[in-house]
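Notes for the structure review
Listed here are the chains, written in short residue letters.
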Amino acid sequence: MTLAAGSPDPSRPADYLPIGPLPAAIRRRRSYPRVTTDAPSTAELLPLLDAAATVADHAALRPWRVIELRADARERLGTAFVEESGLSDEGAARLAAKPLRAPLLLAIVAVHKPSFKVHDWEQDAAAAGVAHLLTLLLDDAGWGVMWRSGGHTRSEAVRRVHRLAENEVLLGWLYVGGKPETTKADARQTFDVTSAISTL
Ligand SMILES: Cc1cc2nc3c(=O)[nH]c(=O)nc-3n(C[C@H](O)[C@H](O)[C@H](O)COP(=O)(O)O)c2cc1C
């Protein structure tokens, strides 16, 4: 970190300017609740996933995988959302349409590998790390992304659509599409990070 001009106050992190393009890309990223019908191809996704795969990963278990849902796979997912929701009529139709909000959904699957020393929670942390990095990389490559989940994320019907194995759990979906020409994101809420750090 380097000091900003003026009289920096060490208790105010904003007075320090992080060096390099990465912090700027991280700060620039926003979630896109609405996206266009453009979507990255599998070939376009691969280099981004390859970069995201370098995330910290205890014992290099690679405890994750990603499933692409396009076209009518999204409709099957919508039907699965409804199956255990208890909704009918308009409510069911609205829920069934939720996966259609983006042309591409990337299901993030944590794959729990047998390991004496790396517990499932550590493996979930690595899988979530891949999802966060992939979100950032997609955003940086010009795609609109929003990580979504919901009460139905771990329902049996949803598991079945993804053909999950016993040792797999879903961490939600990255909804991916084109960034619309005009979009208005709410201003980020300020968060005083000094309240979230302490010293033992
Ligand atoms: C695991 C996970 C699941 C999420 N699920 C939802 C969701 O179902 N609905 C939602 O509105 N936001 C959800 N979010 C939050 C959004 O992805 C997003 O971070 C939030 O709207 C703030 O926008 P920002 O990313 O531009 O700061 C989820 C985030 C994570 C990490």
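What you see is a predicted model; the values in this text were computed from it and never measured. Just so you know, the residues in each chain are numbered from 1, in the order the chain's sequence is written. pLDDT decides what is reported in this predicted model: residues at 70 or higher carry local features, side-chain atom pairs at 80 or more are listed and counted, and totals for whole chains, interfaces and linings draw on all residues regardless.

With respect to the confidence of the model for the protein
Convention followed: A residue's pLDDT is the confidence the predictor assigns to it, expressed on a 0 to 100 scale. Working definition of a contact: two residues with C-beta atoms, positioned from the backbone, lying within 7 Å.
The pLDDT averaged across the protein works out to 93; a share of 91% of its residues lies at or above 70. This stretch, residues 1–6, has a pLDDT under 50; its non-local contacts, to residues over four places away or in other chains, come to 9 contacts.

Comments concerning the packing of helix α2 (residues 42–52) against helix α5 (residues 120–140)
We apply this condition: In this analysis, axes come from line fits to C-alpha atoms, helices being fitted only over the stretch in contact, and the angle between any two N-to-C directions falls in the range 0 to 180 degrees. By definition, any uninterrupted DSSP run of H or I lasting at least four residues is a helix, any uninterrupted run of E lasting at least two residues is a strand, and each is numbered from the N terminus. Under this scheme an angle from 65 to 115 degrees is roughly perpendicular, one under 35 degrees roughly parallel, and one over 145 degrees roughly antiparallel; angles in between are oblique. Two helices cross in a left-handed way if the nearer one is turned anticlockwise from the farther one by less than a right angle. They cross in a right-handed way if the turn is clockwise. Residue type decides the class: Asp, Glu, Lys and Arg count as charged, Ala, Val, Leu, Ile, Met, Phe, Trp, Tyr, Cys and Pro as nonpolar, and the leftover types, Gly among them, as polar.
Viewed as axis vectors pointing N to C, α2 and α5 meet at an angle of 135°, and their least axial separation amounts to 9 Å. In this view, α2 runs oblique relative to α5, as classed from their interaxial angle. Where α2 crosses over α5, the handedness of that crossing is right-handed. On α5, the residues that touch Leu 48, Leu 49, Ala 51 and Ala 52 of α2 are Val 130, Leu 133, Leu 134, Leu 137 and Leu 138. Of the residues belonging to the contact of α2 with α5, the class tally is 9 nonpolar, no polar and no charged.

Details of the site of the ligand
What counts is decided by this rule: Nearness here has a simple definition: the residue's C-beta atom, placed using the backbone, must lie within 6 Å of the molecule or strand.
Inspection of the region around the ligand gives Arg 30, Ser 31, Met 146, Trp 147, Arg 148, Ser 149, Gly 150, Leu 171 and Gly 172 as its neighbouring residues. For the shell around the ligand, the secondary-structure elements that each account for two or more residues are β5 (143–148) and β6 (168–178). Here the shell around the ligand takes 3 residues from β5, the largest share from any one element. Its residues placed into classes, the shell around the ligand shows 3 nonpolar, 4 polar and 2 charged.

Observations regarding the nonpolar core
Heads up, the rule is: For our purposes the nonpolar core covers buried Ala, Val, Leu, Ile, Met, Phe, Trp, Tyr and Cys residues that link as a set through C-beta atoms within 7 Å. Buried residues are those with 20 or more other C-beta atoms within 10 Å of their own C-beta, exposed residues have 12 or fewer, and partly exposed residues lie in between; C-beta atoms are placed from the backbone.
Leu 105, Leu 106, Ile 108, Leu 174, Tyr 175 and Val 176 are the most contacted members of the largest nonpolar core, which has 31 residues in total. Every element with two or more residues in this core is listed here: β3 (64–70), α3 (72–83), β4 (104–111), α5, β5 and β6. Per element, the largest residue contribution to this core is 7 residues, and it comes from α5. Non-local contacts of Ile 108, meaning those with residues more than four positions away in its chain, are made with Trp 64, Val 66, Ala 127, Ala 131, Leu 170, Leu 171, Gly 172, Trp 173 and Leu 174.

Looking at the sheet that holds β3
Inclusion rule: Note on pairing: DSSP must find at least two bridges between two strands before they are called paired.
If you walk across this open sheet you meet the 4 strands as β3-β4-β6-β5, and the pairing is antiparallel. Looking at the sheet topology across the chains shown, the edges are occupied by β3 and β5. Averaged over all neighbouring strand pairs, the angle between strand axes comes to 25°, with direction disregarded. Here 6 bridges tie β5 to β6, and the two strands are oriented antiparallel to one another.

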